[in-house]
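# A look at the structure
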Amino acid sequence: MSGNPFETSLQTLHSTAKIAGIRPNAVKYLEQPKRAFEFIIPVKMDDGRLEIFNAFRVHYCDALGQIKNGVRVVPDMDMDTAKALGFWMTIKHAVGGIPAGGGKGGIRADPSKLSDREYEALIRGFIRKLPMKGAWVDVPGADIGTHGKTQAWMLDELEEIQGFHSPAAINDKPTAANGTELSREATGYGAYYVIREMAQKIGMPANAKVSLQGFGNVGRVAGELLQQAGYRIIAVSDIFGGVYNTDGIDIFKLGEHCDRTGSVSGYPGSSAASASDVLEIECDVLIPAAVQSVIHAGNAAKVNAKLVIECANGPVTPDGEEILIGKGVALLPDVLCNVGSAIVCAFERTQCLTDEYWDRETVRARLEQRILKAFGETIATAEEMKVGYREGAWVNALRRIERAMAARGWI
Ligand code: NAD
């Protein structure tokens with residue numbers, strides 16, 4: 001299994017900076033965050049107690065633009081997580097051609113243990129105490145534990161503090177509060193476009209077999225689009241278990257079953273599959289869309305797919321990747337495959353800054369165009385430099401960041 005995700009990202013930074021000839025001074029900037037804030041949020045609880053919550057925000061690198069994205073509310077949130085994810089967002093924005101820097105933050109709390117009033121007070125407290133904020137500085141978005149409702153509270157709090165409207169300062173808002181269409185589905189759509197293009201490139205049959213780990217926002221939407229395009233979904237898992245049927249599983253009916261029962265497990269007409277079955281089943285496309293480090297040195301040799309699409313962040317460890325590449329499996333990296341939501345978040349900010357809100361088809365078409373550009377650039381660089389697709393994506397990102405740093409006189 002891998003070590004710490006930040007260490008893994010630093011390894012990728014150093015190895016790709018070397019092959020791309022990135023100037024050492026640019027690498028120095030990227031070895032740590034530009035700034036990091038740790039602060040407390042006091043909340044008066046429903047029973048009268050005062051509880052103190054710890055909060056974190058990292059501005060990793062803003063060479064390409066204002067800091068943007070993710071506030072995670074989980075019981076084990078810490079600065080290391082914010083740092084690792086902030087670095088990832090920096091690279092992801094650069095891969096996606098998004099004029100934004102990378103950031104991440106969060107609150108150490110368990111939302112399931114808070115009443116609605118307590119949660120609202122916590123989220124509003126985050127915005128009140130956040131030291132630097134605004135559309136041109138730091139634009140918090142949603143992540144685990146945050147969603148449209150929390151983002152609308154954030155916006156409302158910020159506007160009350162400032163005394164003027166500022167919808168571009170918060171992302172992932174509902175459309176009723178100046179959000180964008182396709183916000184929830186963006187990553188699944190983006191992953192689908194990447195798979196479709198890659199399948200065409202490597203000559204995969206139209207009814208290619210797909211195995212899907214994770215049936216949430218990303219996995220379910222990508223699975224639905226793939227099925228509509230003629231792919232056969234043969235295995236699906238979630239945290240509670242998995243199912244398979246080599247003749248194909250109707251993803252929409254599976255979705256209804258999941259909404260009814262809370263899990264994909266027990267879906268009629270399928271057999272039970274373990275977590276490892278879903279990763280090792282013979283298929284054309286394997287999509288890990290759940291959590292990190294699920295394919296590693298211990299199981300990579302058993303992966304029986306032609307193409308691995310990293311929808312989760314870091315689902316394949318570096319030693320697992322070496323084994324997959326050695327077996328001739330094509331692997332498309334997280335910083336490309338799941339950049340869809342970052343792209344649509346950038347669109348959300350643009351819409352809010354211009355006060356012109358696009359219809360769903362416009363957002364979808366612009367997302368498709370933008371992610372396919374990133375896909376084409378990744379493939380071209382990887383082929384030109386004779387390196388893997390992860391390296392191809394990172395080389396493009398590092399070159400963009402280096403150019404911005406040089407233009408600004410940082411290096
Ligand atoms: P989600 O919470 O909606 O769904 C996660 C799914 O994974 C659920 O079906 C859950 O049951 C399953 N799961 C969790 N742990 C599992 C395990 N150990 N084994 C098998 N299944 C497991 O999350 P999501 O929004 O779909 O995100 C999925 C992944 O993609 C996460 O790693 C997330 O960080 C990453 N990601 C998401 C977005 C986005 O826009 N939602 C963007 C970039 C990256």
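Residues numbered from 1 in each chain as written. Predicted model: local features only at pLDDT ≥ 70, side-chain atom pairs only at ≥ 80, totals over all residues. Heavy atoms only, no water.

## Focus on the nonpolar core
Stated precisely, the cut-off is as follows: Joining through side-chain atoms within 4.5 Å is the link that ties buried Ala, Val, Leu, Ile, Met, Phe, Trp, Tyr and Cys residues into a set, and such a set is a nonpolar core. The buried label goes to any residue with under 20% of its type's maximum accessible area, the exposed label to any with over 50%, and the partly exposed label to all in between, with areas taken from a 1.4 Å probe on protein chains only. The helix count covers DSSP runs of H or I at least four residues long, the strand count covers runs of E at least two residues long, and both are numbered beginning at the N terminus. Contacts are assigned to residue pairs with any non-hydrogen atoms lying within 4.5 Å of each other.
Within the largest apolar cluster, 92 residues are counted, with the highest numbers of intra-cluster contacts made by Phe87, Ile91, Val236, Leu254, Ile287, Ile309 and Leu332. In terms of residue count, the dominant contributor to this core is helix H3 (residues 79-95) (10 residues). Dropping the residues within four chain positions of it, Val236 is found in contact with Leu212, Phe215, Gly241, Gly242, Val243, Ile251, Leu254, Val264 and Val278. The next biggest cluster of nonpolar side chains, apart from the first, holds 27 residues, and it includes Phe39, Tyr119, Leu122 and Trp153.

## Observations concerning the sheet that holds strand E10 (residues 271-273)
Heads up, the rule is: In this description, strands pair whenever DSSP reports at least two bridges between them. As a rule, the C-alpha atoms of each element are fitted with a line to give its axis, helices using only the stretch in contact, and angles between N-to-C directions run from 0 to 180 degrees.
Pairing within the open sheet is mixed, and its 7 strands lie in the order E10-E9-E8-E7-E11-E12-E13. The sheet is open, and its two edges are formed by E10 and strand E13 (330-332), each paired on a single side. Ignoring strand direction, the axes of neighbouring strands in this sheet form an average angle of 20°. Examined bridge by bridge, strand E12 (residues 307-309) and E13 share 3 bridges and lie parallel to one another. When the bridges of E13 are listed, Leu307 appears paired with Ala330.

## A few points about the domain arrangement of the protein
Which entries qualify depends on this criterion: The split into domains, and so the bounds of each, comes from an automatic or database assignment of domains. When two parts are brought into contact, each loses some accessible area as probed by a 1.4 Å sphere; the total of that loss over both is the buried area.
On domain assignment, one finds that the protein holds domain 1 (32-168) and domain 2 (186-337). On a C-alpha basis, the centroid separation for the pair domain 1 and domain 2 is 30 Å. Each partner contributes residues to the interface: domain 1 has 4 residues there, and domain 2 has 5 residues. Summed over both partners, the interface of domain 1 with domain 2 buries about 480 Å², with 65% contributed by carbon and sulfur atoms.

## A few points about the packing of helix H6 (residues 186-201) against helix H13 (residues 360-385)
Threshold: The scheme is simple: roughly parallel for angles under 35 degrees, roughly antiparallel for over 145, roughly perpendicular for 65 to 115, oblique for anything else. For any helix crossing, the convention is left-handed if the near helix is rotated counterclockwise from the far helix by under a right angle, and right-handed if that rotation is clockwise. Think of it as three bins: nonpolar holds Ala, Val, Leu, Ile, Met, Phe, Trp, Tyr, Cys and Pro, charged holds Asp, Glu, Lys and Arg, and polar takes everything else, Gly as well.
With their axes 9 Å apart at the nearest point, H6 and H13 run at an angle of 45° to one another. One element, H6, and the other, H13, form an angle in the oblique class. In the crossing of H6 with H13, the sense of the turn from one axis to the other is right-handed. For the pair H6 and H13, the contacting residues are Ala186, Tyr189, Gly190, Tyr193, Val194, Arg196, Glu197, Met198 and Lys201 in the first and Arg360, Arg364, Leu367, Glu368, Ile371, Leu372, Phe375, Ile379 and Glu383 in the second. Class assignment of the residues belonging to the contact of H6 with H13 gives a composition of 10 nonpolar, 1 polar and 7 charged.

## Structural notes on helix H1 (residues 5-20)
Counting along an α-helix, one turn takes 3.6 residues, and residues three or four places apart therefore face a common direction. Where we set the bar: Multiplying 1.5 Å by the residue count of a helix minus one yields the expected span of that helix.
With 16 residues, H1 should cover 22 Å at 1.5 Å per step; its first-to-last C-alpha distance of 22 Å lies within 8% of that length. Every buried residue belonging to H1 is among Phe6, Thr8, Ser9, Leu10, Thr12, Leu13, Thr16, Ala17 and Ala20, and all of these are buried. Buried-residue contacts for H1 involve helix H2 (24-30), strand E2 (50-61), H3, helix H10 (318-326), H13 and helix H14 (389-407). Gly21 lies just past H1 and shows a positive phi near 65°.

## Overview of the site of the ligand
Worth spelling out the cut-off: In this text, near means that some heavy atom of the residue lies within 4 Å of the molecule or strand in question. N or O atoms closer than or at 3.5 Å make up a polar contact, with two conditions inside protein: a donor-capable atom paired with an acceptor-capable one, and, for residues adjacent in sequence, both atoms drawn from side chains. Per-residue and other accessible areas were derived by the Shrake-Rupley procedure at a 1.4 Å probe size, with only the shown protein chains allowed to occlude residues.
The environment of the ligand is formed by 18 residues, the closest being Thr187, Phe215, Val218, Ile239 and Ala290. At a separation of 2.9 Å, an oxygen atom of the ligand approaches a polar backbone atom of Phe215. Between the ligand and Asn217, the relevant distance is 3.0 Å, taken from an oxygen atom to a main-chain nitrogen or oxygen of the residue. In the complex, the protein chains occlude 70% of the 820 Å² of accessible area that the ligand would expose alone.

## Some thoughts on helix H8 (residues 251-261)
Here is the rule: The arc in question is formed by the directions pointing from the helix axis toward the C-beta atoms.
Within H8 the residues assigned to the buried category are Ile251, Leu254, Gly255, His257 and Cys258. Around the axis of H8, the buried residues are gathered within 160° of arc, so they sit on the same side. Exposed residues lying more than 90 degrees from the buried face of H8 are Asp259 and Arg260. Buried residues along H8 sit against strand E7 (209-213), helix H7 (217-228), strand E8 (232-238) and strand E9 (241-244). A distance of 2.9 Å separates the backbone nitrogen of Phe252 from a side-chain oxygen at the start of H8, and that oxygen is part of Asp250. Positive phi appears at Gly262, one or two residues downstream of H8, with a value of about 95°.

## A word on the side chain of Glu310
Counting through the fold element by element, Glu310 comes out in the loop between E12 and H10. Not counting chain neighbours up to four residues away, the residues in contact with Glu310 comprise Pro288, Pro315, Val316, Leu331, Leu332, Pro333, Asp334, Cys337, Asn338 and Arg390.

## Focus: unusual backbone geometry
Even without glycine at this site, Asn69 takes up a positive phi of about 105°. Tracing the sequence through the fold places Asn69 in the loop between strand E3 (67-68) and strand E4 (71-74). A positive phi angle, near 65°, is found at Asp172, a position not held by glycine. Within the element layout of this structure, Asp172 appears in the loop between helix H5 (148-162) and H6. Relative accessible area serves as the criterion here: at 15%, Asp172 is assigned to the buried category.

## Observations regarding the environment of Asn304
Take Asn304: it is sitting in the loop between strand E11 (285-288) and E12. Look at Asn304 and you get partly exposed, because its relative accessible area is 39%. Along the sequence, Asn304 and Ser15 sit 289 residues apart, while their C-alpha atoms lie 28 Å from each other. For Asn304, the contacting residues outside a window of four places in its chain are Leu279, Glu280, Ile281, Glu282 and Cys283.

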